Amino acid sequence: MEPDIIQNSTVFTTQTSYEDFGSHLIRVNVTDQVKELQTVLRDKTTSRGDFMFYADRLIRLVVEEGLNQLPYQKCVITTPTGAQYEGLKYEKGNCGVSIMRSGEAMEQGLRDCCRSIRIGKILIQSDEETHEAKVYYAKFPPDIEKRKVLLMYPIMSTGNTVTKAISVLKDHGVKESNIVLLNLFCTPLSKSSSQCHSCNKVQSTLYRLKL
């Protein structure tokens, strides 16, 4: 059982402003195309194949926005016509980390954008008696403390799982400012929780804050 998925989450009856969560929260712009994707995903008549297809499209949009938060450096290249072009390229030292098992659904979207990126994994489950989030497995690139980390977890309800994952990354020497959380849906409770547990420097990129 994943500790962040709860059956009876708190219902927020008042509108919550995105500004309430600070500048580290980046929300993907909800265009008509994105709204159409959400409509298909919420439709109970959607087939399994269509659900996976549209979910992958939505994941790709979040991943693309997350990549915008990585460091770039200026470079000059030569075009086929011999012209000089001043562009940008990624700084070396980026990686992905998926929180198993739901986070693994976002791995292909990241690989589609960055074919050679290294991806680590964390398995966190809740104790049946105490309901405390515990780490059962963690495997990262050996130099992860030097890298920018794209932490992948699609749905947050309480924030306990992400908070624990960030704690594990910090134990491995990763700075909070080097962590970018990629998330599709979260509740205000989970966002507040992840910020209150000494994670206020973590950049969060998500599609929709559930109100």
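Since the model is a prediction, treat every value here as computed from it, not as a measurement.

1. What to know about the packing of aromatic side chains
Each aromatic ring pair is described using two quantities: the centre-to-centre distance and the angle formed by the ring planes.
Then comes step 1: One pass over the structure, following the stated rule, counts two aromatic pairs.
Then comes step 2: On the basis of an interplanar angle of 90° and a centroid distance of 5.3 Å, the ring pair of Phe53 and Tyr54 is categorised as edge-to-face.
Then comes step 3: Given the relative accessible area of 18%, Tyr54 is considered buried.

2. Notes on the packing of helix α1 (residues 32-42) against helix α2 (residues 48-67)
Then comes step 1: One can describe the packing of α1 onto α2 by two numbers: an axis separation of 9 Å at closest approach and a directional angle of 145°. Crossing hand, α1 versus α2: left-handed. Residues Gln33, Val34, Glu36, Leu37, Gln38, Val40 and Leu41 of α1 touch α2, and the partners they reach there are Phe51, Tyr54, Ala55, Arg57, Leu58 and Leu61.
Then comes step 2: A breakdown of the residues in the contact of α1 with α2 according to their chemical character gives nine nonpolar, two polar and two charged.

3. Focus: the pattern of salt bridges
Then comes step 1: Taken as a whole, this structure holds six salt bridges when the rule is applied.
Then comes step 2: Ionic pairing is found between Lys121 and Glu104, a salt bridge with its closest N-O pair at 3.0 Å. On the criterion of sequence distance, the pair formed by Lys121 in strand β5 (residues 118-126) and Glu104 in the loop between β4 (94-100) and α3 (107-113) is long-range, its members being 17 residues apart.
Then comes step 3: The salt bridge partner of Lys121 is Glu107, with a shortest N-O separation of 2.5 Å. Of the two residues, Lys121 sits in strand β5 while Glu107 sits in helix α3, which places them 14 residues apart along the sequence.
Then comes step 4: Residues joined in a network through salt bridges with shared partners are Glu104, Glu107, Arg111 and Lys121.

Thresholds applied
Residues numbered from 1 in each chain as written. Predicted model: local features only at pLDDT ≥ 70, side-chain atom pairs only at ≥ 80, totals over all residues. Heavy atoms only, no water. Phe/Tyr/Trp six-rings, centres within 6.5 Å; stacked < 30°, edge-to-face > 60°. Buried < 20%, exposed > 50% of the residue type's maximum accessible area, 1.4 Å probe, protein only. Axes fitted to C-alpha atoms, helices over the stretch in contact; angles between N-to-C directions. Helix = DSSP H or I, 4+ residues; strand = E, 2+ residues; numbered from the N terminus. Left-handed = near helix turned anticlockwise from the far one by under 90°. Contact = heavy atoms within 4.5 Å. Nonpolar A, V, L, I, M, F, W, Y, C, P; charged D, E, K, R; others polar. Salt bridge = Lys/Arg side-chain N within 4 Å of Asp/Glu carboxyl O.

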